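Listed below are the residues making up each chain.
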Amino acid sequence: MDGEIMKNTYLFSYLPIISILLFSLAFAIYGEMQMLKLFGNLGIYQGMLEFFSEAGIKLALLIVLLLLFFMVFAALKLISDTILELSLLFFSKDSEGKALNSVRKGSVIYVIGGACSLFSVQFIFGLGSIYIATNVVALIYFVNKLSPSLNLSRLVGLVFFPIFVWTALISIVAYAGLKLYNSVIASLPI
């Protein structure tokens, strides 16, 4: 019976949602603390206390930020899964999906990273470092699991394809953001 449970391919299927929730909660708590400081410095917080209780303000901010970060991390997970499966399509000889099933257990890494991020909610550098380290460890796990079934050229392609795609996506978003920022600054009457 226990052997059947561990062979069940759906055993780890709930872990991605848990890791998304953990990372979202950690970043939302940090964001809530920063927003409360900002509202206090701007003098808005005292006015908000006339309409809401302190606990109500904190809870509302936490819920809104949790939802926003959840959407961001869920979108990143969707993009990441698409890139992973595309790289397997291009570079793996496996057409039955055994390679994909073998790397699904790596979602435990993200749950551990999400849990660790809750201990670093005071520091954005700590949160960012934990998130990046979790992704690097997951990439190493991914490569380690797939390396026995691939030759060197396919393995190099499998590693550099996601790195290239993520670099391209981040560069495009940064370029578009910079262009938008410059156009807004240029349109200001000074």
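A.B. asks: Give a detailed account of the nonpolar core, specifying residues and quantitative values.
C.D. replies: Leu84, Leu88, Ala99, Leu100, Val103, Phe142, Val143, Leu146, Leu150, Leu155, Leu158 and Val159 form the largest nonpolar core, which has 12 residues in total. Secondary structure elements with two or more residues in this core: helix H4 (54–91), helix H5 (98–103), helix H7 (124–146) and helix H8 (152–187). For Leu84, the residues in contact, after removing those within four places along its chain, are Leu100, Val103 and Phe142. Ile20, Phe27, Val121 and Leu127 belong to the second largest nonpolar core, which has 9 residues in total.

A.B. asks: Which residues make up the pattern of salt bridges, and what are the values?
C.D. replies: Under the counting rule described, the total for this entry stands at 2 salt bridges. Among the salt bridges present, the one from Lys58 reaches Glu54, with a minimum N-O distance of 3.3 Å. Of this pair, Lys58 and Glu54 both sit in helix H4, separated by 4 residues, roughly a single helical turn. For Lys58, a relative accessible area of 32% puts it in the partly exposed group. A relative accessible area of 42% places Glu54 in the partly exposed class.

A.B. asks: I'd like to hear about the environment of Asn135, residue by residue, with values.
C.D. replies: Residue placement: Asn135 occurs in helix H7. C-alpha of Asn135 to C-alpha of Gly43: the two residues are 92 residues apart in sequence and 39 Å apart in space. Of the polar contacts made by the side chain of Asn135, one reaches the backbone oxygen of Tyr131; its length is 3.0 Å.

A.B. asks: Which residues make up the packing of helix H2 (residues 15–42) against helix H6 (residues 107–117), and what are the values?
C.D. replies: Running from amino to carboxyl end, H2 crosses H6 at an angle of 20°, the nearest separation of the two axes being 8 Å. Overall, the two elements H2 and H6 adopt an arrangement that is roughly parallel. At the point where H2 passes H6, the crossing takes the left-handed sense. On H6, the residues touching Leu15, Pro16, Ile18, Ser19, Leu22, Phe23 and Ala26 of H2 are Ser107, Val108, Tyr110, Val111, Gly113, Gly114, Ala115 and Ser117. When grouped by side-chain class, the residues that make up the contact of H2 with H6 number 10 nonpolar, 5 polar and no charged.

The rules behind each value
- Residues numbered from 1 in each chain as written.
- Predicted model: local features only at pLDDT ≥ 70, side-chain atom pairs only at ≥ 80, totals over all residues.
- Heavy atoms only, no water.
- Core = buried A, V, L, I, M, F, W, Y, C linked by side-chain atoms within 4.5 Å.
- Buried < 20%, exposed > 50% of the residue type's maximum accessible area, 1.4 Å probe, protein only.
- Helix = DSSP H or I, 4+ residues; strand = E, 2+ residues; numbered from the N terminus.
- Contact = heavy atoms within 4.5 Å.
- Salt bridge = Lys/Arg side-chain N within 4 Å of Asp/Glu carboxyl O.
- Polar contact = N/O pair within 3.5 Å; in protein donor to acceptor, adjacent residues only side chain to side chain.
- Axes fitted to C-alpha atoms, helices over the stretch in contact; angles between N-to-C directions.
- Parallel < 35°, antiparallel > 145°, perpendicular 65-115°, else oblique.
- Left-handed = near helix turned anticlockwise from the far one by under 90°.
- Nonpolar A, V, L, I, M, F, W, Y, C, P; charged D, E, K, R; others polar.

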